[in-house]
Structure formats: structure tokens, C-alpha cells
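Residue-level structural notes
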Amino acid sequence: MLRGLEFDIAHLFSSSVLILSFGLLYQRRLFGVLQIYALQALAVACAAAWQAYAQAYPQLYVTAAIALVFKAIVIPVAFHHIVLRLHIHREIETVVGVNMTLLFGVALVALSILLVLPMTTTSGNLTRENLALALSVLLLGLLMMISRRNAVSQVIGFLSLENGLILAAIGVKGMPFVVEMSVAFSVLVAFIVFGMFFFRIRERFDTLDVHYLEAFRGERH
Amino acid sequence: MIDLLLVSILASVLALVALALIALLAGPPAGGFVYGASAAASAAVAALATLYLAAGAGTPLALVLPLGLPWLGAHLALDALSAWFLVVVGTVGAAAAVYGVGYGRHTDEPARVLPFFPIFLAAMALVVVAADAFTFLLSWETMSVASWMLVLANHREPGTTRAALVYIVMASLGTAALLLCFGVLAGFDGSYAFADMRADRPEGWLAGLAIALALAGAGSKAGLVPLHAWLPLAHPAAPSHVSALMSGVMTKVAIYGLVRVLFDLVGEVGWGWGAAVMLLGGISALLGVLYALMQHDLKVLLAYHTVENIGIIVAGLGLALSFKAAGLLPLAALALTAALFHVLNHGLFKGLLFLGAGNVHVATHEREMDDLGGLVHRMPATAALFLVGSIAISALPPFNGFASEWLTFQAILNGDRLPMWPLKFLVPVVGGLLALSAALAAACFVKAFGVTFLGRGRSGAAMRAGEVGPAMVWPLAALAGLCLAFGVVPTAAVALLSPVAAALAGAPFPTATDGISAAEWLFLIPLDPGRSSYSGLVVLALVAGVSYAGVLAIHRLASNRLRRAPAWDCGFPDASPRTQYTSSSFAQPIRRIFGSFVFRAREHVEMPEPGDFRPARFEVEIKDLAWAWLYAPVERLIAFASLHLNQLQHMTIRRYLSWMFGALIVLLSVVALVG
């Protein structure tokens, strides 16, 4: 019964991922950032599940499950824990120029659409829109990484970039399952490494603001 | 049978490489063998190439070896142009190698020279037969690095390390320009084999870019003004037999690269480029000889003369390009033949002169002309042979320099046939530049020969000098003999060159022998017998006859009463040799005329007060303008850029990420806009 709507629903999920990316760019509270990230991961999981149904490609259900369990639940909860233990849950990041960053993000979305749509005229609509949205999510994740100074937010930017990768992978027919598996695994490793680094940095510098790290290098910057 | 020719040439090149290994393993005791065998291999290359040219240079021989890049292989080819340059490389290379047998014993650290000498020769031969960009550039770089090592052989002498540094920087820049040039010629999806480049020639501004890059790349190696400044530093710093190779042969290999690109690979070159090349040549010729006149170091003087002669050759090439663009193919063949003939001639007499300077250096350990003098009495053979080289480079008959410069002027005098108005004005200007530089060259060699060999010795070393061994005289004699032979029978060289002209200029050399039977080998008659003709043999006979008659007349008619009188007795009986004309005083009138602008010459006179016993001092300061106008700004720019780019090394991670992000966005935007 949903066959006629497959494009619209896929579009809906992908677009929510993108919207949530903008939310990440805007949000300044760490808990807020974590919640939005969890929501984004949930949207990615839904998108994967829907693609599994629409393409009749059951392996994507596994992708959806991985996204749901690890990225929507385990990672946000773990980060929540870390933030509480580090006593930075009350910190409000001083992010300068949020409005400009958002405008720049809009420009990046426009660039992605301009880039992807003319290049993929031979592919189906589903793939085209999906790729454009995925590229936008990826670029916005990168933008978040460079516009934030708190290490936790930077890592969340990286993880949201990875959401963009998954989004691109599920939209393309016949993408080998092992790719998604390895991406998921690498994210997990990255998460562990980052988590350890947070504690080490905090131990040494009493802050997670990487700005202080830069000053500590003893060089001009 | 013909393929055998190319294989034999390659075998000779391979033998040179093997000799380098032997030199490396056996060290200086094997010097005589290595130099002797190198001479044999070079002579074999020259002989085989001459054979190929004399047989009419039919179809080009090609060979693809499975070496180098896996999808390309090493393409090697022998066509008329390659063969001609192989003749130059082989002939001068053989003479320099024979000279090395004797000279090698006088070098301070022979182990620094011996392994690189055969490699240098092999690389130059390989550049000339390479038929794809990769092999070409690889050989070219090997040639540069080998010669760089040879320049560094005398690394204990002050200034050598700086000369080597400047040289390697310029050589790298030149190679980079050539690399880009071949990239342009190959196109986006083209192959790097020369044959494929010929099939798919660049057009419009791409062709212009390729020409400009070739001029920068090969021109810097050849020593075209304003990229010449490394040359008078590096060439004299090397041991003399290497200087002979660098000045006489390596610059010619650079000319080969230029001819290969301009006449063969690019194909259609607009007359504007012809005019630019011609003007560059004319300016190089004049500035080269002017700078040479100011020098008082014999080898530096010779190195600046290389700049001058390269200018003459390049002017001929530019003229040929212009004639070709105008469709005047026989005239293009004339100009091209003249330029390529001068390539051989300059190799011969510049090799001769550098080896002669080597003899002077071995005998006196002196390169400063103002400390030499009177050597004609103590080194008569070297003096006579150096005189032959001086006459040849001054373009006086009956030697070879006159023949090729005469041909160049025949082409220039026909410049009024060009239909383009700017060229009608430019060609006589270039002709004037070349004529002026030819006259100044003669003045310069009057000075070089006169100050070094005539008069009285200006130092103890010059007074005590003795003639060098025969092993260091015979190679000079061979080169001098060739200078005379090609001057007397220039038609032989022109005949060897006719396949080259036919292939590259589109027409054979325009010999006009109608009306005069059996004059083909005796008289050089371009275009029209009524207009101009030259026979070296007749001139030689005339010169010999008149001289003999003159000597006879003097001996018969003049008084043979013996008179002895004090020399240099102009009111100052025991004159010091220091009162003789020095090289600087000889050049002073020209320095006064051109000096204030071209050389930034400043003369400082310091006169002591009356009653003060200090000596009066006179100092002259001369600068090469290329340093002030080209190199110094570039150096400042690089220093500025490296200072500021240094900050890129010290950025924060976030800044690095931002830069990468920015680069990604820019690239994506380019794809979005273009694609």
C-alpha cells in the first residue's frame, strides 16, 4: 500500500537528517547537542529501514539496527555519562557567528544539490535526492567540526559526518554490506579513542576547549 | 642493417655506462683506460651517426625497449636531427676524453671526476636519441646531475659550491619547464611518445605555451639571456675537459631540445614566435660578447662567449621559424642549416679553446689573464692551436666559424623577402646585433690571445711555464684540424645537413650550382650564384699564397741587418711586466661606451694627496644585469614566500581542517560549475 509513497517517505527521512544537522550547528548546550545527535541517528535508522523495505533488500535492516542501537542509544548515553563525569554539563559553548554559520550551511546544501543533480541524471530519483542530501549532511558535519571549539562537539560533528556517509550508502542500490559494516565499526573505534582522549585532555588541561591546547604548544598561532 | 646502426649506437652508450661502473670500482688507477675507452665509444657514436647522415638518412629508425614507465616503455629513435647532434656529441666528446687521459693526472681529486665523465657523455647521447618525454627528461636530468657532480669536483676552490648551487637550481627549473612543456604537448589524454605528440599537435594558445616553456627550459640550459647567469659560474668551475663538454656539447644538447620542440613537435609556429626567438638570440649574442669582453678570467671569458654563440644559433633558428611561417621554405632551410652548422662549429672551437685554457692552467695554475703573458715562447704548440680556435670563433676565414656565420648572414640578407612588415624591420636589427657581436668577438679574442700568450709574463708562474705533454696537445690539434677542414670544405657539412633541413624546414638546402659545373663541393652557393658564393678552399689558397708572397718579399727586399735594441724602452728602461696592457685596460674603451648601462660599471679612482706615499688605486665594479633585474627579485620573492608559507607549518588542527574544508568546497564548486 505504501509503494506509491516510497520516494516521499525516503525523502522525508533523509530531509529530517539534514534538518537535524542544522540543529546541531545551532545548538550550544552539550546535552542539547547529544539529544539532536541521537535524533539524527534515529532518523538515519528509519531511513535505512525504509530503504530496506522499499528496495526489498533485507540486509539494510541490519544497518538500521546498528544505527539504532549504537548511534541512537549507546553513543549518546555514553557521551551523556562522560559529560556528567567531566562536570561540563552546565557549560554553554561560546560559538561566534552562528547565523553566519547557518547561512554558510544553506550555501553548502545548495552546492551539494547543484553538484549532484546534474551529475546523476541517469540514476533514479531516489538515489539522486538521497545523494544530494547525504553530501549536504557530510559537509555540514565538517562545518561543525571546524566551527566548534569544544572537543565533544567536534566529535559529534565527526559522527554526524559519518551519518551522512551511511545515508549515502543506503541510498545506492547494491552497495556491498561490508562497507556499511566497516564504517560502523570504525565509528565505534573512533568513539572509544575519542572518549579516552577526553579524559586525558581533561586531566592535563582542566578543560575540553581545544583552544587551550593550541596555546600550550608553545608556538605562535 | 639500418636497425643495426641504432643498436650499435646504443651499445656504445651502454659501454659508456659500463665504463662509469669500472671507474667507480677501480678508481683513479683506471683513469687512462676509462678515458681512452670513453673516447673510443664517443668516436664510434660520431662515426655511426655520420654514416647514417652520409647514407641520406632515410626513414627514421625507431626502437622501443621495455624499460622505464610500464605503459610507455623507452622509445628511442634516430632521425637526421638526432644523428647530427650525435656527431657533435661524439666528436667533441672523443676529443675531451682523449684530453682527459693526460689532464686527468693533473686534477686534484680524479675519483670525483672519473665515474661521472662517461655517464655525462652517455646521458647527452641518450637525450638526443630519446623519442618519448620520459626517456628524454630522465636522460636530461642525468646529464644535469652528472655535470653538477663534475662541477663540484673542484669543490675546495672558493666559489665552486655557490656556482654548483646556482647551477642545480637553474637546471631543476629548466627541467620543470620542459616537463610542463611535454605535458602541454601530450595533451590531457595524449601519450608521451614523440610520435603520438606529432600526430596530435597543440593549437592556438596551447602551442604558444609549449613554445614559451620550451624556450624557458631549453633556453636556461643553453644559456639564453636572461637565463644565462648560472653558465659563467658553473662552466669555468669544472675541470677543463668537462668545461669543454659543458660549453661545447651540453649547450648544444639544449639547442637540440629547442629544435625538437619548435620544428618537430609543435609543428606550426607563428611568425611572432619566430621574431621573438630571433630577437632573444640577437640580444644574447650581443650581451654575451660584451660581458665576455669585461672578463679577466680566461675560462669565464670563454663561458660568456658560449652565451654569444648560442645567441647566434638561436637567432638563426628564429629566422628559420619566421621563413617557415611565411612559406619561404628554401630560405628556412638555409637559416636552419646555418644554425645547425654553427652548432657543430661552436662545439669544435669552444672545445678547442677550453682545452687550451686547460693547458694554460696545467702549466701555470693560473686562470687570471692579468697574471699570464708571454706564453707563446714557452708553450708554442698550445699557443698556435689556441690561435686557431680564436680565429675560428672570431668568424674569420678560412676557418669554420666564418662559414656558418656567413650562411647565417645570407639568410638575414634575404630577410626582406618576408611579407610581414614587422619582420622586415626586425631582421636587419638582428643582423646588426649579430654583426656587432661578431666584431666585438674578434676584439675579445685579440685581447684573450694577446694578453695570455703575447708580451712578457706577468707572474713567476707564467715565466716558468713549460709546454704540456703530447697527450694534451693532440686532441687540440685534432679539433683545430676539424675547424680548418669544415672551414675549407663547408659543403661537406651542408651536405650532411641536407636531410635535416629537408625533414624540419620542408625543403632541402637551396644550392644553386647551375652554370658552374663541378662546383658543388668547392663552392657554397646558397640561392643564386650571381648574388653570393663562398669557397673556403679558394680563400685558403689566397691567404696562403699572399702570406707566402709577403714573407718572401720581406725576406728578399727588407734589410736583414741585425739590430738589437732594448724592448719597452719608452723612457722607462727597466719596465716591469706590469706596465703592459692588461685585459682590463684593453676592454676599457668598450666599458666606457656600454658600461654605464649594460654593466652598471662604476670606476673608483683613489688619488693620495701630494706628499702621501700610499699608492693610487683604481677600481672597476661590474655587474651582470640579469642578477639585478631577474634573479634578485625572484630570490626576494622566494624568501618572502617561504617566510610566510612557513606559518602553514604551525597552524592549529582546527585551522588545518578549515583549510582542507575550504579546498574541498572550492573543488566541489569547480566541478559544479564546469561539469
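Structural data are supplied above this passage.
Residues numbered from 1 in each chain as written. Chains lettered and ligands numbered in written order. Predicted model: local features only at pLDDT ≥ 70, side-chain atom pairs only at ≥ 80, totals over all residues. Heavy atoms only, no water.

Digging into the overall build of chain B
Secondary structure assignment for chain B yields 24 helices and four strands. In terms of C-alpha radius of gyration, chain B reaches 26 Å, essentially the compact-globule figure of 26 Å for 675 residues. Oriented by its inertia axes, the alpha-carbon framework of chain B measures out at about 95 × 75 × 60 Å. As displayed, chain B has an accessible area near 28300 Å², and 69% of this comes from carbon and sulfur atoms. The averaged location of the 35 negative side-chain charges in chain B is 6 Å from the averaged location of its 36 positive side-chain charges. (Helix = DSSP H or I, 4+ residues; strand = E, 2+ residues; numbered from the N terminus. Rg over C-alpha atoms; globule rule 2.2 N^0.38 Å. Areas by Shrake-Rupley, 256 points an atom, 1.4 Å probe, with all protein chains shown as cover. Lys, Arg positive; Asp, Glu negative; His and termini not counted. Charge placed at Lys NZ, Arg CZ, Asp CG, Glu CD.)

Quick word on the overall build of chain A
In terms of regular secondary structure, chain A is built from eight helices and zero strands. The order of helices and strands in chain A, counted from the N terminus, is α-α-α-α-α-α-α-α. Out of the 221 residues in chain A, the part that is buried amounts to 50%. The contacts in chain A between residues at least 6 apart in sequence include a share of 75% that link residues at least 24 apart. (Buried < 20%, exposed > 50% of the residue type's maximum accessible area, 1.4 Å probe, protein only. Contact = heavy atoms within 4.5 Å.)

Observations concerning the interface of chain B and chain A
With 14 residues of chain B at the contact, the number on the chain A side is 20 residues. Between chain B and chain A, a total of about 1500 Å² is buried, with carbon and sulfur atoms accounting for 74% of that surface. Inspection of the chain B/chain A interface yields zero salt bridges. Counting across the chain B and chain A interface gives zero residue pairs in polar contact (both at pLDDT 80 or more). The class makeup of the residues in the side of chain B that touches chain A is eight nonpolar, five polar and one charged. (Buried area = accessible area lost by both parts, 1.4 Å probe. Salt bridge = Lys/Arg side-chain N within 4 Å of Asp/Glu carboxyl O. Polar contact = N/O pair within 3.5 Å; in protein donor to acceptor, adjacent residues only side chain to side chain. Nonpolar A, V, L, I, M, F, W, Y, C, P; charged D, E, K, R; others polar.)

Some thoughts on helix α1 (residues 6-26) of chain A
The end-to-end C-alpha separation of α1 of chain A is 31 Å, in line with the 30 Å expected for 21 residues at 1.5 Å each. Within α1 of chain A, burial applies to Ile9, Ala10, Ser14, Val17, Leu18, Leu20, Ser21, Phe22, Leu24 and Leu25 of chain A. (Expected span 1.5 Å × (residues − 1).)

Some remarks on the nonpolar core
Soluble globular proteins: nonpolar side chains tend toward being buried together. Leu78, Trp84, Met124, Phe136, Phe182, Ile255 and Leu340 of chain B are the most contacted members of the largest nonpolar core, which has 221 residues in total. Looking at this core, the element that brings in the most residues is helix α13 (residues 329-364) of chain B, giving 22 residues. For this core, the two domains that each supply at least three residues are domain 1 (581-621) and domain 2 (625-674) of chain B. Excluding anything up to four places from it in sequence, Ile255 of chain B contacts Phe85, Ala222, Ile310, Ile313, Val314, Leu317 and Val343 of chain B. Ala43, Leu142, Val155 and Ile166 of chain A belong to the second largest nonpolar core, which has 61 residues in total. (Core = buried A, V, L, I, M, F, W, Y, C linked by side-chain atoms within 4.5 Å. Domains from an automatic or database assignment.)

A short note on unusual backbone geometry
Residue and element names in this part refer to chain B. For the peptide bond that leads from Val225 to Pro226, omega is 5°, which places it in the cis range. Examined against the element boundaries, Pro226 turns out to sit in the loop between α8 (204-222) and α9 (231-237). Although it is not a glycine, His365 adopts a positive phi angle of roughly 55°. Within the element layout of this structure, His365 appears in the loop between α13 and α14 (375-378). The backbone of Ala395 shows a phi angle near 60°, a positive value even though the residue is not glycine. On the secondary structure map, Ala395 appears in the loop between α15 (380-393) and α16 (400-413). Residue Ala395 is classed as buried on the basis of its relative accessible area, which comes to 13%.

Observations concerning the packing of aromatic side chains
All names here are of chain B. The tally for this structure, following the rule as stated, stands at 20 aromatic pairs over all chains. On the numbers, 5.1 Å between centres and 45° between planes, the contact of Phe386 with Phe453 is tilted. Here Phe386 is found in helix α15, whereas its partner Phe453 is found in helix α17 (residues 421-453), with 67 residues between them in sequence. Judged on exposure class, the residue Phe386 and its partner Phe453 are both buried. Each residue in the set Phe85, Phe136, Trp140, Phe182, Phe194 and Tyr256 is aromatic and connected to the rest through ring pairs, giving one cluster. Between the NZ or CZ atom of Arg162 and the centre of the ring of Trp627, over which it lies, the distance is 5.3 Å. The positively charged end of Lys424 is found above the aromatic ring belonging to Trp421, 5.3 Å away from the centroid. (Phe/Tyr/Trp six-rings, centres within 6.5 Å; stacked < 30°, edge-to-face > 60°. Lys NZ or Arg CZ within 6 Å of the ring centre and 35° of its normal.)

Remarks on the packing of α17 of chain B against helix α22 (residues 583-599) of chain B
Residues and elements named next belong to chain B. It is at 9 Å that the axes of α17 and α22 come closest, and there the two elements cross at 155°. Taken as axis vectors, α17 and α22 run roughly antiparallel relative to one another. Of the residues in α22, those in contact with Leu436, Leu440, Ala443, Val446, Lys447 and Val451 of α17 are Ser583, Phe586, Ala587, Ile590 and Phe594. Residues that form the contact of α17 with α22 fall into these classes: nine nonpolar, one polar and one charged. (Axes fitted to C-alpha atoms, helices over the stretch in contact; angles between N-to-C directions. Parallel < 35°, antiparallel > 145°, perpendicular 65-115°, else oblique.)

Things to note about a nonpolar patch on the surface
Residues and elements named next belong to chain A. Side chains of Leu39, Leu42, Leu68, Val69, Phe70, Ile73, Val74 and Val77 sit close together on the surface and give an oily, nonpolar patch of about 630 Å² of accessible area. Only α2 (30-55) and α3 (59-85) provide two or more residues apiece to the nonpolar patch. The topology assignment puts Ile73 in helix α3. For Ile73, a relative accessible area of 45% translates into the label partly exposed. (Patch = residues over 30% accessible without salt bridge, like charges linked within 9 Å, V, L, I, M, F, W, Y side chains within 5 Å.)

Re the pattern of salt bridges
All names here are of chain B. One pass over the structure, following the stated rule, counts twelve salt bridges over all chains. Arg260 is paired through a salt bridge with Asp264; the nearest N and O atoms lie 2.6 Å apart. In this pair, Arg260 and Asp264 are both assigned in helix α10 (residues 240-265), four residues apart and thus about one turn of the helix distant. What makes Arg260 buried here is its relative accessible area of 4%. Take Asp264: its relative accessible area is 9%, and that puts it in the buried class. Arg591 is the salt-bridge partner of Glu603, the closest N and O atoms lying 3.3 Å from each other.

A word on the side chain of Ser220 of chain B
All names here are of chain B. Along the chain, Ser220 falls in helix α8. One polar contact links the side chain of Ser220 to the main-chain carbonyl oxygen of Gly217, over a distance of 3.0 Å. Leave out the neighbours within four places in its chain, and Ser220 touches Met170, Gly174, Leu215, Leu227 and Trp230.

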